[in-house]
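Structure assessment
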Amino acid sequence: MSEAYRNEEKGGEVRLDSDGTFSATDVLTGATSGPVDFSGRWDFVDSETSDDFVHLAVEDGGLGKVGGLQLHPRGERTVYFRHDPDGPPTMKFTKVDTP
């Protein structure tokens, strides 16, 4: 089983699979100048000192030397990237039904 999140405006998608892997396609993270595809492993971080987040350990794709990113949940159906910790979300995604 997997969970998929999509940005309808830009067309990007993030898929979190139950085996701990993820894939991201056409995603703007703020770490690069344009949309990229990347994949790797994910883990939910239940933080006691900050907001909870999903850590994406990037193993393959177009992010170059970026080894990991944080995907922040907002409510039950929205997640987002925020490249600048003090800035607004870089790209938001809404949960979609998966086959």
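First, a word on scope: everything that follows refers to the structure included in this document.

About the thresholds
- Throughout, a residue's number is its position along its own chain's written sequence, starting from 1.
- Only residues with pLDDT of at least 70 get local features here, since the model is predicted, and only at 80 or more are side-chain atom pairs given and counted; chain-wide, interface and lining totals rely on the full set of residues.
- Hydrogens are left out, water is left out, and the side-chain values use all remaining heavy atoms of the structure.
- Helix and strand assignments follow DSSP, with helices taken as H or I runs no shorter than four residues and strands as E runs no shorter than two, numbered in order from the N terminus.
- Under the rule applied, a polar contact is a pair of N or O atoms within 3.5 Å (in protein, one hydrogen donor and one hydrogen acceptor; residues adjacent in sequence only if both atoms are side-chain atoms).
- Contacts were defined at the residue level, with two residues in contact if any of their heavy atoms lie within 4.5 Å.
- Each reported salt bridge corresponds to a side-chain nitrogen of Lys or Arg within 4 Å of a carboxyl oxygen of Asp or Glu.
- Relative accessibility decides the category of a residue: with a 1.4 Å probe and only protein chains considered, values under 20% of the type maximum give buried, values over 50% give exposed, and everything between is partly exposed.
- Nine residue types can take part in a nonpolar core, namely buried Ala, Val, Leu, Ile, Met, Phe, Trp, Tyr and Cys, and a core is a set of them joined through side-chain atoms within 4.5 Å.
- What makes two strands pair is DSSP finding at least two bridges between them.
- In this scheme Phe, Tyr and Trp rings, the latter by its six-membered ring, pair at centre separations within 6.5 Å, and the angle between planes marks the pair as stacked below 30 degrees, edge-to-face above 60, and tilted otherwise.

**Comments concerning the side chain of Ser-2**
- Checked against the element boundaries, Ser-2 lands in strand β1 (residues 2-6).
- Among the polar contacts listed, one links the side chain of Ser-2 to the side chain of Arg-15, at a separation of 3.1 Å.
- Discounting chain neighbours no more than four positions away, the residues touching Ser-2 are Arg-15, Leu-16, Asp-17, Ser-18 and Thr-98.

**Concerning the pattern of salt bridges**
- As enumerated under the stated definition, the model contains 3 salt bridges in all.
- In this structure, Arg-15 engages Glu-13 in a salt bridge whose closest nitrogen and oxygen atoms are separated by 3.5 Å.
- For Glu-13, a relative accessible area of 15% corresponds to the buried category.
- Counted as one network, the salt bridges with shared partners bring together Arg-6, Glu-13 and Arg-15.

**Some words on the environment of Trp-42**
- Note on placement: Trp-42 falls in strand β4 (residues 36-45).
- Residues Trp-42 and Asp-19 lie 23 residues apart in sequence; the distance between their C-alpha atoms is 9.2 Å.
- Apart from residues lying up to four places away in sequence, Trp-42 is in contact with Leu-16, Asp-17, Gly-20, Thr-21, Phe-22, Val-54, His-55 and Leu-56.
- A polar contact of 2.8 Å, which involves the side chain of Trp-42, links it to the backbone oxygen of Asp-17.

**Here's the deal with the nonpolar core**
- Counting 18 residues, the largest nonpolar core has Val-14, Val-27, Phe-38, Leu-56, Phe-81 and Phe-93 as the members making the most contacts within it.
- Within the residue set of this core, elements represented by two or more residues are β2 (13-17), β3 (21-27), β4, β5 (53-61), β6 (68-74), β7 (78-81) and β8 (91-96).

**Side note on the pairing of β3**
- Strand direction decides the pairing type here: β2 and β3, joined by 4 bridges, are antiparallel. Within β3, the position partnered with Val-14 by the bridge is Ala-24.
- In this structure, the hairpin formed by β2 and β3 is closed by a connection of 3 residues, where Gly-20 is found at a positive phi of approximately 90°.
- Bridging between β3 and β4 involves 5 bridges; their strand directions are antiparallel. Its bridge partner being in β4, Phe-22 is matched across the sheet by Gly-40.

**Let's talk about the packing of aromatic side chains**
- On inspection of all chains with the given rule, the structure shows 2 aromatic pairs.
- Their ring planes at 70° and their centres at 5.9 Å tell us that Phe-22 and Phe-38 sit as a pair that is edge-to-face. Here Phe-22, found in strand β3, pairs with Phe-38, found in strand β4; they are 16 residues apart in sequence, far enough to count as distant.
- For the ring pair Phe-81 and Phe-93, a centre distance of 5.8 Å and an interplane angle of 85° mean the geometry is edge-to-face. Taken as a pair, Phe-81 in strand β7 and Phe-93 in strand β8 lie far apart in primary sequence, 12 residues in all.
- The exposure class assigned to Phe-93 is buried, which follows from its relative accessible area of 0%.

By themselves, these observations are geometric and do not establish any function.
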